[in-house]
Amino acid sequence: GPLVFYEVAFLREAPAAALCVAVLYLLDTAVRPGAPLHPRAGVLLLLAGLLLGSIVLLRSNVLLFALGAAVWVWWASPSRRLALAFVAAVALPILPVVALNTVRSGRPALVSSSGPYNFFIGNVHDATGDGKGSWGHYAAVKASGPPESVSLYSRALADIAAHPVAYLKL
């Protein structure tokens, strides 16, 4: 059974890791603080941005790294135009997915369908902090209405505001 499953399953971790190494190489080659820009820095940054945006589609948690990379390119590059091109290249693969998810769901939606759920169970007052999540509060919120009418992001933010000490402990 597992052999058959893993033969046909698309495992995202290996390509994501390989692409991350490629992105780091491209960023390091294109821009180094205090060093002159690579002659093809623009092309390298565009390619790094497209690859990084593609990685975000594979592993949505890489979006946090993409934001950090954009800040680093802005800081390290003497050209703001190159930094903006990098940000645009990162956004290019992501925006169509976000637009499609938003249209289909009827409200703003990011690249991962499990994003609101993961944010909720990991950040509310009864979250355990060990990856097991928040089942008691989640069950109550889930029972409060049809799934399409319950915004887990706003419910989690409201819970964080109601229990700031528990959130800070977490």
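What you see is a predicted model, and the numbers here were worked out from it, not measured in a lab.

S.K.: Could you clarify how one ought to interpret the side chain of Ser77 in this entry?
M.R.: With respect to the helices, strands and loops of the structure, Ser77 is situated in the loop between α4 (63-76) and α5 (80-105). Residue class for Ser77 comes out buried when judged on its relative accessible area of 2%. Within the structure, the side chain of Ser77 is placed 3.1 Å from the backbone oxygen of Ser79, a separation counted as a polar contact.

S.K.: Quick question: what am I supposed to make of helix α8 (residues 152-162) here?
M.R.: Residue pairs three or four apart in sequence face the same way in an α-helix, which turns once every 3.6 residues. The set of residues buried in α8 consists of Leu152, Ala156, Asp159 and Ile160. Each buried residue of α8 lies within a common arc of 100° when the element is viewed along its axis, so the set occupies one face. Opposite the packed face of α8, turned more than 90 degrees from it, sit the exposed residues Leu157, Ala161 and Ala162.

S.K.: I keep staring at the environment of Ala48 and nothing clicks. Help me out?
M.R.: Here Ala48 is to be found in helix α3 (residues 41-58). A relative accessible area of 0% places Ala48 in the buried class. Along the backbone, Ala48 and Val87 are 39 residues apart, and their C-alpha atoms lie at a distance of 10.0 Å.

S.K.: Mind showing me how you'd approach the environment of Leu92 here?
M.R.: Position of Leu92 among the secondary structure elements: in helix α5. Assessed through its relative accessible area of 57%, Leu92 is described here as exposed. Remark: the alpha-carbon pair of Leu92 and Gly53, spanning 39 residues in sequence, is separated by 7.0 Å.

Cut-offs and rules
Residues numbered from 1 in each chain as written. Predicted model: local features only at pLDDT ≥ 70, side-chain atom pairs only at ≥ 80, totals over all residues. Heavy atoms only, no water. Helix = DSSP H or I, 4+ residues; strand = E, 2+ residues; numbered from the N terminus. Buried < 20%, exposed > 50% of the residue type's maximum accessible area, 1.4 Å probe, protein only. Polar contact = N/O pair within 3.5 Å; in protein donor to acceptor, adjacent residues only side chain to side chain. Arc of directions from axis to C-beta.

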